[in-house]
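Below are the chains, spelled out letter by letter.
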Amino acid sequence: IMAIIFTIAALNLNARKPAVLVENAAREFLSQVQFAKNLALTGAVFRDEDLDTQLDVPFGYGLHFLNDSEYFIFGDLYGANPAGNKRYDSVSEETNWGNFIVNDKVNLDITSIDPSVIVYPLDIFFETFNSQINYYYNGIDQPDEFNELQIRFFYSDDPSINQTVIINKNTNQIYLQE
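Not measured: the values here are computed from a predicted model.

Let's shift gears to the overall build of the protein. Helix and strand counts for the protein come out as one helix and ten strands. Each helix (α) and strand (β) of the protein, taken in turn from the N terminus, gives the series α-β-β-β-β-β-β-β-β-β-β. For the protein, the accessible surface area stands at approximately 9,600 Å², while carbon and sulfur atoms represent 54% of it.

The next thing to look at is a nonpolar patch on the surface. Nonpolar side chains collect at one region of the surface, where Val45, Leu55, Val57 and Phe129 lie side by side and expose about 380 Å² of accessible area between them. Among the structural elements, Val45 can be located in the loop between α1 (2-42) and β1 (60-65). Take Val45: its relative accessible area is 39%, and that puts it in the partly exposed class.

Where strand β9 (residues 158-168) meets strand β10 (residues 173-177), five bridges bridge the pair, whose relative direction is antiparallel. Paired with Asn168 across the bridge in β10 is Gln173. Connecting the antiparallel pair β9 and β10 is a turn made up of four residues, with Asn172 showing a positive phi of about 60 degrees.

Let's shift gears to the packing of aromatic side chains. All chains considered together, the criterion is met by five aromatic pairs. On the basis of an interplanar angle of 85 degrees and a centroid distance of 5.2 Å, the ring pair of Phe29 and Tyr71 is categorised as edge-to-face. Of the two residues, Phe29 sits in helix α1 while Tyr71 sits in strand β2 (residues 70-75), which places them 42 residues apart along the sequence. The same class applies to Phe29 and to Tyr71, which are both buried. Where Phe65 meets Tyr71, the ring centres are 5.5 Å apart and the plane angle is 40 degrees; that geometry is what we call tilted. Phe65 sits in the buried class, given a relative accessible area of 0%.

Looking at where Ile151 falls in the secondary structure, it is placed in strand β8 (residues 148-155). Under the relative-accessibility criterion, Ile151 is labelled buried at 0%. Sequence separation of Ile151 and Asp68 is 83 residues, and the distance between their C-alpha atoms is 9.8 Å. Aside from chain neighbours lying at most four places away, what touches Ile151 is Phe29, Leu108, Asp109, Ile110, Gln163, Thr164, Val165 and Ile167.

Averaged over all residues, the pLDDT of the protein equals 77, while 72% of them reach at least 70. Mean pLDDT across the elements of the protein ranges from a minimum in strand β7 (residues 140-141), with 66, to a maximum in β9, with 92.

In this section: the nonpolar core. Ranked by internal contacts, the top residues of the largest apolar core, which has 32 residues, are Phe29, Phe153 and Ile167. Element by element, the count of residues in this core is highest for α1, at nine residues.

Among all residues except glycine, the phi angle is most often negative; among peptide bonds, the trans geometry is most common. Of note in the backbone geometry, Phe129 takes a positive phi value of approximately 60 degrees without being a glycine. Mapped onto the fold, Phe129 is located in the loop between β5 (122-127) and β6 (133-137).

So, how was this worked out
Residues numbered from 1 in each chain as written. Predicted model: local features only at pLDDT ≥ 70, side-chain atom pairs only at ≥ 80, totals over all residues. Heavy atoms only, no water. Helix = DSSP H or I, 4+ residues; strand = E, 2+ residues; numbered from the N terminus. Areas by Shrake-Rupley, 256 points an atom, 1.4 Å probe, with all protein chains shown as cover. Patch = residues over 30% accessible without salt bridge, like charges linked within 9 Å, V, L, I, M, F, W, Y side chains within 5 Å. Salt bridge = Lys/Arg side-chain N within 4 Å of Asp/Glu carboxyl O. Buried < 20%, exposed > 50% of the residue type's maximum accessible area, 1.4 Å probe, protein only. Pairing = 2+ DSSP bridges. Phe/Tyr/Trp six-rings, centres within 6.5 Å; stacked < 30°, edge-to-face > 60°. Contact = heavy atoms within 4.5 Å. pLDDT = per-residue confidence, 0-100. Core = buried A, V, L, I, M, F, W, Y, C linked by side-chain atoms within 4.5 Å.

Here you go:
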């Protein structure tokens, strides 16, 4: 009897593993978006960018997608534009948190209500002391009509196992769709 119970339990754990991998990847991404938003809201500082012996607050924080499986958090510092440009610039930005790579068994795709094609690089940006969400595709600001990103995480061997993170620019909501 114990062997039968153990076998059934082991089979259930293995059957659930893909769903757990997908959910963990989606929740990790959601936490990284919330972390960038919180850095912006609190005005976290990086370093003395303008050499005036005081730590400087970046113009905001965001996530920069290199492709459909790798992204990182960045702080928008002065660089060439003294007003900040609300997107990642490889020369002047701060990226102290490392790159996040989605699990090799979990893929992601980015879609939206708008039929626009997603072009990498993609930036999701939060201005300092302001939680308003901004999107930038390939360095181009997206208009207000473009209101929602859906980042769908799915198991590579079975795309029906998936979780979607919603980032809505108009309602300023970020959540895991259940």
